Amino acid sequence: MNITMINLSSKLKVCGLTQPDQIKELISMKIDFLGFIFYEKSPRYVLHHLSLKDISEIDHPGKTGVFVNEETDRIVESATTAGLHFIQLHGDENKDFVHHLKEKLPPKTEIIKVIRIGNHDQEARHTIQNLLNDFCTSISYFLFDTDSSAFGGTGKQFEWSLLNELEIPLPYFLSGGISEDHFENIQHLKQKPFAIDINSKFETSPGHKDVKKIKKLFRESPEGTI
């Protein structure tokens, strides 16, 4: 597939980063968002490889911390110490939790709330739409990912056509097993994603990115966009 034929302009987030040399390469490529997973059960748990101080010294405006059902104080401590710009909530956090967290975070720290999508029936659509309406006043972005007990990183794609049946009130990240073979399908979405979130399909092993593959994606995209 020739990505230059698609003419998309979404930003790019590379999630599950653990290796300093790869992070430096991605920064040189002007990747928009760098994702660090702070979920201990993940094979890409960043604190097995980098300290909060290490992350704080990374000079990039899109440092994103991914948290799953974590305590508010620990998220705030990690965000402050590591100098995170975005907090991605990937668990079962409710609206009250988000409001409480927002009050404690540094003012410029933005929140991304993940909506995990599994079933594609009418009841599921109704539930998702209610979540979008509930969260839209307290966050900056949504992220749509494939539902799983592992909270992401499955390498599986959900049915994107569901997004065309929703009223999405904020810009959103699109995630869920995205590979270079899927980009053409993005043009069929009525509301295009603000950013594409790539992870497992661009790895040689968990946490080790295939930077050559990501570079190829950029070379084939207009002006370095997706």
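Below or above, wherever it landed, is the structure these notes cover. (Residues numbered from 1 in each chain as written. Predicted model: local features only at pLDDT ≥ 70, side-chain atom pairs only at ≥ 80, totals over all residues. Heavy atoms only, no water.)

Here we take up the overall build of the protein chain. Tallying secondary structure elements over the protein chain gives 6 helices and 10 strands in all. Considering only intrachain contacts with a sequence separation of at least 6, the fraction spanning at least 24 residues in the protein chain is 63%. By element, 46% of the accessible surface of the protein chain is carried by carbon and sulfur atoms, the whole surface being about 10800 Å². (Helix = DSSP H or I, 4+ residues; strand = E, 2+ residues; numbered from the N terminus. Contact = heavy atoms within 4.5 Å. Areas by Shrake-Rupley, 256 points an atom, 1.4 Å probe, with all protein chains shown as cover.)

Attention shifts here to the environment of Asn164. Along the chain, Asn164 falls in the loop between strand S6 (141–146) and strand S7 (172–174). According to the relative accessible area criterion, Asn164 is partly exposed, its value standing at 22%. When the C-alpha positions of Asn164 and Leu189 are compared, they lie 6.2 Å apart, and in sequence the two are 25 residues distant. Apart from residues lying up to four places away in sequence, Asn164 is in contact with His188, Leu189 and Lys190. At 3.2 Å, the side chain of Asn164 forms a polar contact with the backbone oxygen of His188. (Buried < 20%, exposed > 50% of the residue type's maximum accessible area, 1.4 Å probe, protein only. Polar contact = N/O pair within 3.5 Å; in protein donor to acceptor, adjacent residues only side chain to side chain.)

Right, let's get into the packing of helix H3 (residues 72–82) against helix H4 (residues 95–104). At a minimum axis separation of 10 Å, H3 and H4 run at an interaxial angle of 40 degrees. H4 is crossed by H3, and the crossing has right-handed handedness. In this structure, H3 uses Thr72, Asp73, Ile75 and Val76 to contact H4, whose residues at the interface are Phe97, His100, Leu101 and Lys104. Within the contact of H3 with H4, the residues separate by chemical class into 4 nonpolar, 2 polar and 2 charged. (Axes fitted to C-alpha atoms, helices over the stretch in contact; angles between N-to-C directions. Left-handed = near helix turned anticlockwise from the far one by under 90°. Nonpolar A, V, L, I, M, F, W, Y, C, P; charged D, E, K, R; others polar.)

Right, let's get into the nonpolar core. Judged by nonpolar contacts, the single largest core of 56 residues is most densely connected at Phe36, Phe142, Phe144, Leu163 and Leu174. The next biggest cluster of nonpolar side chains, apart from the first, holds 8 residues, and it includes Phe33, Phe86, Phe173 and Ala195. (Core = buried A, V, L, I, M, F, W, Y, C linked by side-chain atoms within 4.5 Å.)

This part takes up the side chain of His90. Along the chain, His90 falls in the loop between strand S4 (86–89) and H4. Of note is the side chain of His90, whose polar atom sits 3.1 Å from the side chain of Asp145.

Looking now at the pattern of salt bridges. If you walk through the whole model with that rule in mind, you get 13 salt bridges. Across the pair Glu25 and Lys215 runs a salt bridge whose closest N-O atoms are separated by 3.2 Å. Of this pair, Glu25 sits in helix H1 (residues 20–28) while Lys215 sits in helix H6 (residues 211–219), placing them 190 residues apart in sequence. Residue Arg74 pairs with Glu40 through a salt bridge whose shortest N-O separation is 3.2 Å. In this pair, Arg74 is assigned in helix H3 and Glu40 in the loop between strand S2 (33–37) and helix H2 (52–56), connecting sequence segments 34 residues apart. Judged by its relative accessible area of 31%, Arg74 is partly exposed. Several salt bridges converge on common partners, so that one network encompasses Glu40, Glu70 and Arg74. (Salt bridge = Lys/Arg side-chain N within 4 Å of Asp/Glu carboxyl O.)

The description of two aromatic rings rests on the distance between their centres and on the angle between their planes. What the rule picks out here adds up to 10 aromatic pairs. Arranged with centres 5.5 Å apart and planes meeting at 85 degrees, the rings of Tyr141 and Phe173 form a pair that is edge-to-face. Placement of Tyr141 in strand S6 and of Phe173 in strand S7 is noted, with a sequence separation of 32 residues between them. Of the two residues examined, Tyr141 and Phe173, each falls in the buried class. Pairwise contacts between aromatic rings join Phe33, Phe86, Tyr141, Phe173 and Phe194 into one cluster. Positioned above the aromatic ring of Phe135, the side-chain terminus of Lys113 is 5.5 Å from the ring centre. Residue placement shows Lys213 over the ring face of Phe202; its charged tip is 5.3 Å from the ring centre. (Phe/Tyr/Trp six-rings, centres within 6.5 Å; stacked < 30°, edge-to-face > 60°. Lys NZ or Arg CZ within 6 Å of the ring centre and 35° of its normal.)

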